[in-house]
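One-letter residues, chain by chain:
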Amino acid sequence: ELPMEFGQLSELSTLDLSNNALVGEVPAVALSLERLFTIQLNNNKLEGEFPFAQVKQGATILDNLWIQENDGLNGAITEAYCELNSVTLDCNNFDPQPTYPVEDTGGLTTFEVDCQRSDLSSPKEYTCNFDPAVPFTKPPAVAGATNAPAASPAPATVCGTPAVNR
């Protein structure tokens, strides 16, 4: 789970917990930090409603939000995210669905069009994933290898004198 105690890290500027198999809901207090600039929670197993409004209200300088590849995560992205540098999420889970419109809008998503209609700029990089998440897995162990650290060899001499085992 994402600990609520992160909310006490008042100087935290980057939170990258991607690829950690985190489960559960995202507590707004953990991400509503005044100096938080980047949130990367991609490729976990987070679920429930992402607290867009509360996070942006507290994290006033937030500029990068990556929450894609969390199949159970959903919510409604707000116009407060229009001016971020980078937003990446899964299209099918969020409302209003930030999908690519049928009408000719120069390749903009509905979220980007809504930002422009509100006289706000849209994120410089806005990625809307439609593909299902690919679970993160550790590479297979090499045959004969162990996870234990190798023992350090004992020094043959100490200060020029042969070492004696007692």
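Values in this document were obtained by computation on a predicted structure and should not be read as measured data. (Residues numbered from 1 in each chain as written. Predicted model: local features only at pLDDT ≥ 70, side-chain atom pairs only at ≥ 80, totals over all residues. Heavy atoms only, no water.)

1. Details of the pattern of salt bridges
Basically, it comes down to this: Here, a salt bridge means any side-chain nitrogen of Lys or Arg that lies within 4 Å of a carboxyl oxygen of Asp or Glu. Working definition: helices are DSSP H or I runs of at least four residues, strands are E runs of at least two. Numbering for both runs from the N terminus. The buried label goes to any residue with under 20% of its type's maximum accessible area, the exposed label to any with over 50%, and the partly exposed label to all in between, with areas taken from a 1.4 Å probe on protein chains only.
Under the defined criterion, the tally for this structure stands at 1 salt bridge. Note that Arg 35 is salt-bridged to Glu 11, the shortest N-O span being 3.3 Å. Note that Arg 35 is positioned in the loop between α1 (28–31) and β3 (38–40) and Glu 11 in the segment before β1 (14–16), a separation of 24 residues in sequence. Using a relative accessible area of 44% as the deciding quantity, one classes Arg 35 as partly exposed.

2. Quick notes on the side chain of Asn 44
For clarity, the threshold we go by: Side-chain atoms alone can form a polar contact between residues adjacent in sequence; in general such a contact is a pair of N or O atoms within 3.5 Å, and within protein one must be able to donate a hydrogen while the other accepts it.
Here Asn 44 lies in the loop between β3 and β4 (45–49). Of the polar contacts made by the side chain of Asn 44, one reaches the backbone nitrogen of Asn 20; its length is 2.9 Å. There is a polar contact of 2.9 Å between the side chain of Asn 44 and the backbone nitrogen of Ala 21.

3. A few points about the nonpolar core
Rule in force here: Put simply, a nonpolar core is a bunch of buried Ala, Val, Leu, Ile, Met, Phe, Trp, Tyr and Cys residues held in one set by side-chain atoms that sit within 4.5 Å of each other. Should any heavy atoms of two residues lie within 4.5 Å, those residues are considered in contact.
Ranked by internal contacts, the top residues of the largest apolar core, which has 33 residues, are Leu 2, Leu 31, Leu 41, Phe 50, Phe 52, Ile 67 and Tyr 81. Of all the secondary structure elements, the ones that give two or more residues to this core are α1, α2 (52–58), β7 (86–90), α3 (110–117) and β9 (125–129). In contact with Tyr 81, other than residues within four places in its own chain, are Phe 50, Phe 52, Val 55, Lys 56, Leu 62, Leu 65, Val 87, Phe 111 and Pro 123.

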